[in-house]
Structures are given as C-alpha cells and as structure tokens.
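# An overview of the molecular structure
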Amino acid sequence: MSVRVDASKASHPTPGGPALGVLMLETRFPRPVGDVGNAASFNFPVRYAIVRGASPERVVRRKAQGLLQPFIEAGQALVAQGCIGITTTCGFLVRFQSALAQALPVPVMTSSLLQIAALEARLPVGKRIGVVTIAAAYLDASCLAAAGAPADTPIEGVDAGSEFAQRILNNDASLDIAQAERDVVAAAMRLTARCPQVGALVLECTNMPPYRNAVQGATGLPVSDAQTAISAFWRSLAPAAQNGRQD
C-alpha cells in the first residue's frame, strides 16, 4: 500500500506551514464544491494525502480491512508537512478514530458522526439527531460506538440503487449532481417521516455537503455535515497559526 501527498489538491498552504490534513480515499468521481475532497470547499489551508487502494467500496462495505496502517502512515506524512490536525473523506473512517488519535501527534476528527452526541444534547427533550448515510446497511453499531453516539440513533440511507450511491460506491467517473441531490433529500424525507422525533440531521457522507441546503430546505431542520464539522474543527486547532482566517 502506498501513500501520495497530493500538492495539486492542496488549497493555499505555504510549504511546511500550518494546514489541515485530509486523509483521502482513492477516487475518481466528481467532487463539487462542498465535498470534503474539493479544496475549494474551505477557506483555510488544506492538504490531501491519497491512500492507494482505499476505494469507497473497500472502506464502506469491507470496513476498511487492512487499511489502518496505510492511513496512519498518510497521517504521519501530512503532519510532517505541517498539518496541525487530521480529518478524512469518508464518514465510515470513524472506525479508525481511536487508533488514529493514538498514533498521530495532532488532533484527529475522522467523521461527521462524532458530532451526534453533542448535537443531541442541545435538542429539546424528546428530540433526536437523525443520520443520513450513503449505506445504512453498513453503518452498524460498531460505527456508532466509535463515534460515541447512541446505539439507537435513527438512520436512513440513500437507496442502494440510486445515482448517488451507485456512482460513489462504485467509484464511477461521472455523477448527475442534480439527481444525487434528489437522492439525498429523499433519504432525509424518509427519515423524518419515519421518525418524527428527529429534530436535527447529520449527513454522514463527506460527499453530501453540496446538498445540505436542499436537505435543510426540504425538511425544515438544522443540518450538520462533514464540511461544517471540519470548519469548526479547524477553528479549534490553533488560532495563532491561522493568520486570522475565519470560516
């Protein structure tokens, strides 16, 4: 397994200077602005390391088996290049949250799912956080436990045969963005219809933030995702190193 730190995907980091490191799956599908894999989604320095062989199918459906050490090595490479925090481009990498946090010398936030417990604590009594995911069948109890989320967290996935799921999980080179948005919105609507106690949503998939506004408009609920979580994570890291940037 090999790692490539891809400077071509970096967003205005100075060489060796402070940046947020992003552990990136090896993918080819389009990444519109908002997607964590698109550097233009952030107004602070980001640097990407691509882990060879870490396909969406392997990380989601095969639980990233055999990939922990390559992800650790990618994280170490990013830290060596000046990254002061590490995140990822797949919410299912929450499975590696504890191991990466132990192995790396900087803070780590692997997944938007890590927000669930804190966000739920802010909701009115009786209201829950609901999760919209790319693959509900694979977002199991071990993922929720790794995120520190309640085991009974309401979850809804996009349809397995949908444009969004098929293109992302099969790592296709094309994506109908308008249809992908409809797929994500439909999943959110199914969740809120099935679980009226849901008072706010978390989008698990790092490819879903481009559709956050559409989901919020359709459901009328607050929506958090990887982009919002990562931006808050960056602000928490080292304000003095950020040259006054604000998200």
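One structure accompanies this document, and this report is about it. The shown structure was predicted, so the numbers you read here are calculated from the model rather than taken from an experiment.

Moving on, we come to the state of the cysteines. A complete count under the given rule lists zero disulfides for this structure. No disulfide involves Cys-90; its sulfur sits 6.7 Å from that of Cys-205, the nearest cysteine.

Closest axis-to-axis distance for the helix α7 (residues 177-194)/helix α8 (residues 212-219) pair is 9 Å, and the angle between their directions is 35°. At the point where α7 passes α8, the crossing takes the right-handed sense. Taking contact as the criterion, the partners of Glu-181, Val-184, Val-185, Ala-188, Met-189 and Thr-192 in α7 are, on α8, Ala-214, Val-215, Ala-218 and Thr-219.

Position of Glu-156 among the secondary structure elements: in strand β7 (residues 155-157). For the pair Glu-156 and Val-184, spaced 28 residues apart in the sequence, the C-alpha separation amounts to 9.9 Å. Aside from chain neighbours lying at most four places away, what touches Glu-156 is Val-131, Val-132, Thr-133, Ala-136, Ala-187, Arg-190, Leu-191 and Arg-194. Of the polar contacts made by the side chain of Glu-156, one reaches the side chain of Arg-190; its length is 3.1 Å.

Before going further, it helps to examine α8. Taken together, the buried positions of α8 are occupied by Arg-212, Val-215 and Thr-219. All buried residues of α8 project into a common sector of 65° when viewed along the axis, lining one side. When the buried face of α8 is taken as reference, the exposed residues oriented beyond 90 degrees from it are Asn-213 and Gly-217. Just downstream of α8 lies Gly-220, where phi reads positive at about 70°.

This part covers the pairing of strand β3 (residues 46-51). For β3, the tally of buried residues reaches six of six residues, placing the bulk of the element in the interior. Along β3, one buried face is formed by Val-46, Tyr-48 and Ile-50 and the opposite face, lined by Arg-47, Ala-49 and Val-51, is buried too. For strand β2 (residues 19-24) and β3, the ladder comprises five bridges, and the chain directions are parallel. Counted as the bridge partner of Met-24 is Ile-50 from β3.

As a further point, take the pattern of salt bridges. A full pass over the atoms with the stated rule returns 13 salt bridges. Taking the shortest distance from any N to any O, the salt bridge between Lys-63 and Asp-140 comes out at 3.4 Å. Taken together, the positions of Lys-63 in the loop between α1 (56-60) and α2 (68-80) and Asp-140 in the loop between β6 (128-133) and α5 (141-147) put the pair 77 residues apart, joining distant regions of the chain. By relative accessible area, Asp-140 is classed as partly exposed at 22%. The salt bridge partner of Glu-156 is Arg-194, with a shortest N-O separation of 3.0 Å. In this pair, Glu-156 is assigned in strand β7 and Arg-194 in helix α7, connecting sequence segments 38 residues apart. Each member of the salt-bridge network shares a partner with another, and the members are Glu-156, Asp-159, Arg-190 and Arg-194.

Criteria and cut-off values
Residues numbered from 1 in each chain as written. Predicted model: local features only at pLDDT ≥ 70, side-chain atom pairs only at ≥ 80, totals over all residues. Heavy atoms only, no water. Disulfide = S-S within 2.5 Å. Axes fitted to C-alpha atoms, helices over the stretch in contact; angles between N-to-C directions. Helix = DSSP H or I, 4+ residues; strand = E, 2+ residues; numbered from the N terminus. Left-handed = near helix turned anticlockwise from the far one by under 90°. Contact = heavy atoms within 4.5 Å. Polar contact = N/O pair within 3.5 Å; in protein donor to acceptor, adjacent residues only side chain to side chain. Buried < 20%, exposed > 50% of the residue type's maximum accessible area, 1.4 Å probe, protein only. Arc of directions from axis to C-beta. Pairing = 2+ DSSP bridges. Salt bridge = Lys/Arg side-chain N within 4 Å of Asp/Glu carboxyl O.

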